[in-house]
Amino acid sequence: MKIDLKGKNILVTGGAGDGLGQGICEAVDEAGGRVIVNDLTLEMAKEAAEKYNNALAVEGDISKVEDVNRMFDEMKSACGTIHGVVNNAGIGLGKNAIDAEETEVDRLYEVDVKGIWMVSRAFVKQLLAYGEVGNIVNISSIQAFATMHRMAIYAGFKSAVNGMTRGLAVELGQYNIRCNAIAPGLVYSEQSLHMIGKWTPDPVKWMEDHKTDHQCLDFFTSARDCGNVVVFLLSDLSRSITGQTICVDNGTINLLYNNEYTS
Ligand SMILES: NC(=O)c1ccc[n+]([C@@H]2O[C@H](COP(=O)([O-])OP(=O)(O)OC[C@H]3O[C@@H](n4cnc5c(N)ncnc54)[C@H](O)[C@@H]3O)[C@@H](O)[C@H]2O)c1
């Protein structure tokens, strides 16, 4: 038994990112799927797409409806039906709620919540128009389950992603379209280091401490670990799973104390 995405076109938004985007694209590619890499510029998307077999690059800001609609038109002409969408593109905001600016909160919402809705809407409309079935996988965060200082807004919006995942599963089940999410813990990426760098001068040490003190497993969750769960959710092996958010977090969310490591 193996995960087989042969013949499937899979859009990965924010797929040029050095974090989860890369791990997800790699896993889709290895499972035999055709990766469609989206990112903010064609240059970024093309550079990433070169790493995968027969991959396609599509430029677009997923927070802009005109970009999203154009992307789906371009993908349709270039490779036909899209069978899966991974809503990975996202930005962070490491600020206490009382210090955040309205423009920052609006931008976070536009990308991390509204963007997922717009991409999912365009995807489902295309599936229904051509009588096809497909799958959505959203990238949430463990911040949606338990959070920390400077994360209230991000945590709130990732909770919205979990809610939308449940709701889309309810509405789309009648078409045999599934919608699930993964909630990664801390994964090495430019975005993580940049955000952690806002509150500590040594983000790498902060991450090491997090690994020791806040995970059951004593290694980092990799982008590829996340990609592996994503391809499972995209594949028929998970055909009975919809509306779920699966934590990929090395046991962070279930851990209260990790005294064995610290004593
Ligand atoms: N890194 C982590 O520890 C972690 C943990 C939990 C959840 N996540 C989530 O995983 C996803 C990927 O994050 P990452 O850490 O790998 O970040 P990253 O910065 O490495 O990658 C994000 C990519 O999305 C792209 N992007 C940003 N805004 C976009 C837009 N409007 N349209 C299209 N592309 C856009 C960026 O250019 C970048 O390439 C995000 O949704 C993030 O919230 C990350």
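For the structure, see preceding data.
Reading the values: rules and limits
- Residues numbered from 1 in each chain as written.
- Predicted model: local features only at pLDDT ≥ 70, side-chain atom pairs only at ≥ 80, totals over all residues.
- Heavy atoms only, no water.
- Salt bridge = Lys/Arg side-chain N within 4 Å of Asp/Glu carboxyl O.
- Core = buried A, V, L, I, M, F, W, Y, C linked by side-chain atoms within 4.5 Å.
- Buried < 20%, exposed > 50% of the residue type's maximum accessible area, 1.4 Å probe, protein only.
- Helix = DSSP H or I, 4+ residues; strand = E, 2+ residues; numbered from the N terminus.
- Contact = heavy atoms within 4.5 Å.
- Phe/Tyr/Trp six-rings, centres within 6.5 Å; stacked < 30°, edge-to-face > 60°.

1. What about the pattern of salt bridges?
Reasoning step 1: The tally for this structure, following the rule as stated, stands at twelve salt bridges.
Reasoning step 2: For the salt bridge of Lys64 with Asp61, the shortest nitrogen-to-oxygen distance reads 3.8 Å.
Reasoning step 3: Look at the salt bridges and you will find they share partners, linking Asp61, Lys64, Arg107 and Glu110 into a network.

2. Description of the nonpolar core
Reasoning step 1: Counting residues in each nonpolar core, the largest one holds 42 residues, and the members touching the most others are Leu11, Ile36, Phe72, Met75, Ile82 and Phe123.
Reasoning step 2: At the level of elements, strand E3 (56–59), helix H3 (65–79), helix H4 (102–129), helix H5 (152–172) and helix H6 (190–196) are the ones that each hand at least two residues to this core.
Reasoning step 3: Apart from the residues within four sequence positions on either side, Ile36 is in contact with Asn9, Ile10, Leu11, Val12, Leu56, Val58, Met75, Cys79 and Ile82.

3. Quick look at unusual backbone geometry
Reasoning step 1: Although it is not a glycine, Asn176 adopts a positive phi angle of roughly 60°.
Reasoning step 2: A positive phi angle, near 55°, is found at Asn250, a position not held by glycine.
Reasoning step 3: Note that Asn250 resides in the loop between strand E7 (245–248) and helix H9 (259–262).
Reasoning step 4: Asn250 sits in the buried class, given a relative accessible area of 11%.

4. Digging into the packing of aromatic side chains
Reasoning step 1: With the rule as written, the count across this model stands at three aromatic pairs.
Reasoning step 2: Seen in terms of ring centroids, Tyr188 and Phe220 are 5.0 Å apart; in terms of plane orientation they differ by 80°. Their pairing is edge-to-face. Here Phe220 lies in the loop between helix H7 (203–214) and helix H8 (223–234) and Tyr188 lies in the loop between strand E6 (178–184) and H6, a separation of 32 residues in the sequence.
Reasoning step 3: With a relative accessible area of 33%, Tyr188 lands in the partly exposed category.
Reasoning step 4: According to the relative accessible area criterion, Phe220 is buried, its value standing at 17%.
Reasoning step 5: Aromatic pair Trp199 and Trp206: ring centres 5.5 Å apart, planes at 70°, arrangement edge-to-face.

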